[in-house]
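Fold and geometry: a report
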Amino acid sequence: MAKKTTITVEGTEIRLLTDNQNDFISLTDLTQNFEGGAGLVEKWFRNRNTVEFLGMWEKIYNPHFNEAAFKEIASQAGLNTFMLSAKKWIERTGAVGITAKAGRGGGTFAHKDIALEFCTWLSPLFKLYVVREFDRLKHEEYEKLALEWNVKRTLAKINYRIHTEAVKMHLIPPRISNPKRAGIVYTSEADMLNIALFGFTAKQWQAMNPELKGNVRDYASTEQLLVLANLENLNAHFIKEGLSQDERLEKLNEVAIYQMGLLADPGVTKGLKQPDEPKKLNP
């Protein structure tokens, strides 16, 4: 689902949509303080240079672009009788750099590359203001993500230490001196937590995502890592109480479902999904 945000440029609120890391800016909103309003979008589409630019952009980024339809449109661009709307452009060429939505909250949106080209046509000075506000928004988003990542990693490290110490003290007999054998115990406990929260082991996740580097926890959400931190603390406590791994898995799975339900819908505790029977670990 596309993420919706807004920036304010010279008193004008401009909507942005971010979908799969691609930013789309409302061309309709960009015209608010210009004479001609939203009609300027269609006027811009009639420009021959616009058609050529849109075509070049689609050729680079859209493998399904209908070049034959584009050539036909380009041959007519600039004529007095030439008419082109965002909707017709999309329908005829299969363009992905422009979207047109009808109704409330709709309008014409364009990939930021195209939107900034439109801004140049409207006013070079206005374009500079848009670029400044867009860069500010992206900088704030980057800083927020960096902060979340640091918090996530710090939280994971602290609780990992607590968890591994509990495993070392209560599950690994003193006579085990081979680090590899001890590692088997640590891995088994880590995978139990993965199953309780994610529903699969680290090895299963890697098999499902061969193109990704790292492990499942590197791609977990902030909410998932927060719950994982709680599970690690609880598991350390359950280990000290002498509960078996099967008993701990069942309890931790229940906690994971409950806490993720709360984080997904704060304040609501009724009607949460009941846990399925937890998966068993291979002995």
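On a predicted model such as this, the values are computed, not experimentally measured, just so you know.

A look at the overall build of the chain
Within the chain one finds 11 helices and five strands. For the chain, with 283 residues in total, the buried portion stands at 36%. Taken as a whole, the chain presents about 17,400 Å² of accessible surface, with 53% of it coming from carbon and sulfur.

Things to note about the packing of aromatic side chains
Inspection of every chain in the model, using the stated rule, returns 10 aromatic pairs. Judged by centre distance (5.9 Å) and plane angle (20 degrees), the ring pair of Phe-118 and Trp-121 falls under stacked. Here Phe-118 and its partner Trp-121 are both found in helix α6 (residues 112–122), three residues apart, which amounts to about one turn of the helix. Overall, Trp-121 belongs to the partly exposed group, its relative accessible area being 33%. In this structure, Lys-101 is placed above the aromatic ring of Phe-109, and the distance from its NZ or CZ to the ring centre is 5.9 Å.

Re the sheet that holds strand β1 (residues 3–9)
The sheet built from five strands is open, its strands ordered β1-β2-β3-β5-β4 with antiparallel pairing. A single partner strand is all that each edge strand has here, and the edge strands are β1 and β4 (98–101). When the angles between neighbouring strand axes are averaged without regard to direction, this sheet yields 30 degrees. One ladder, built from three bridges, connects strand β3 (residues 22–26) with strand β5 (residues 107–111); its direction is antiparallel. Opposite Phe-24, over in β5, you have His-111 as the bridge partner. Packing against the sheet, helix α5 (residues 86–93) makes contact with β4 and β5, and its axis sits at approximately 120 degrees to β4.

Details of the nonpolar core
Within the largest apolar cluster, 35 residues are counted, with the highest numbers of intra-cluster contacts made by Leu-27, Leu-30, Phe-45, Val-51, Trp-89 and Ile-98. Sorting elements by how many residues they give to this core places α6 first, with five residues. With sequence-adjacent residues up to four places away left out, Phe-45 is seen in contact with Thr-50, Val-51, Leu-54, Phe-82, Leu-84, Ala-86, Trp-89 and Ile-98. Counting residues in hydrophobic clusters, the runner-up holds 18 residues, among them Phe-198, Trp-205, Ala-220 and Leu-228.

As for the side chain of Arg-217
Take Arg-217: it is sitting in the loop between α9 (202–208) and α10 (222–241). The class of Arg-217 is buried, set by a relative accessible area of 16%. Sequence-distant contacts of Arg-217, defined by excluding residues within four places in its chain, comprise Ala-190, Leu-193, Asn-194, Phe-198, Leu-225, Leu-228 and Glu-232.

As for the pattern of salt bridges
Under the criterion given, the structure shown has 10 salt bridges. For Glu-52, the salt bridge goes to Arg-48, with nearest N and O atoms at 3.5 Å. Remark: Arg-48 and Glu-52 occur in helix α3 (residues 48–61); sequence separation between them is four residues, near one turn of the helix. By relative accessible area, which is 36% here, Glu-52 ends up partly exposed. Judged by relative accessible area, which is 38%, Arg-48 ranks as partly exposed. Note that Lys-112 and Asp-113 form a salt bridge whose closest N and O atoms lie 3.4 Å from each other. The exposure class of Lys-112 is partly exposed, given its relative accessible area of 27%. You can call Asp-113 partly exposed: its relative accessible area is 25%. Several salt bridges converge on common partners, so that one network encompasses Arg-132, Glu-133 and Arg-136.

A few points about the confidence of the model for the chain
Put simply, the chain has an average pLDDT of 79, and 76% of its residues get 70 or more. A low-confidence stretch, residues 171–183 (pLDDT under 50), is modelled with 11 contacts involving residues beyond four sequence positions or located in other chains. Low pLDDT, under 50, characterises residues 266–283; the stretch is placed with 23 contacts to residues that sit more than four places away or in other chains.

A short note on α6
Given 3.6 residues to a turn, an α-helix orients residues that are three or four positions apart in the same direction. Among all positions in α6, only Ile-114, Ala-115, Phe-118, Cys-119 and Leu-122 are buried. One side of α6 carries all its buried residues, which in axial view fall inside an arc of 145 degrees.

Overview of the packing of α3 against helix α4 (residues 67–76)
It is at 10 Å that the axes of α3 and α4 come closest, and there the two elements cross at 170 degrees. As far as their axial angle goes, α4 and α3 are roughly antiparallel. Across from Arg-48, Val-51, Glu-52, Gly-55, Met-56 and Lys-59 in α3, the residues of α4 making contact are Glu-67, Phe-70, Ile-73 and Ala-74. Class assignment for the residues of the contact of α3 with α4 results in five nonpolar, one polar and four charged.

Definitions and cut-offs
Residues numbered from 1 in each chain as written. Predicted model: local features only at pLDDT ≥ 70, side-chain atom pairs only at ≥ 80, totals over all residues. Heavy atoms only, no water. Helix = DSSP H or I, 4+ residues; strand = E, 2+ residues; numbered from the N terminus. Buried < 20%, exposed > 50% of the residue type's maximum accessible area, 1.4 Å probe, protein only. Areas by Shrake-Rupley, 256 points an atom, 1.4 Å probe, with all protein chains shown as cover. Phe/Tyr/Trp six-rings, centres within 6.5 Å; stacked < 30°, edge-to-face > 60°. Lys NZ or Arg CZ within 6 Å of the ring centre and 35° of its normal. Pairing = 2+ DSSP bridges. Axes fitted to C-alpha atoms, helices over the stretch in contact; angles between N-to-C directions. Contact = heavy atoms within 4.5 Å. Core = buried A, V, L, I, M, F, W, Y, C linked by side-chain atoms within 4.5 Å. Salt bridge = Lys/Arg side-chain N within 4 Å of Asp/Glu carboxyl O. pLDDT = per-residue confidence, 0-100. Arc of directions from axis to C-beta. Parallel < 35°, antiparallel > 145°, perpendicular 65-115°, else oblique. Nonpolar A, V, L, I, M, F, W, Y, C, P; charged D, E, K, R; others polar.

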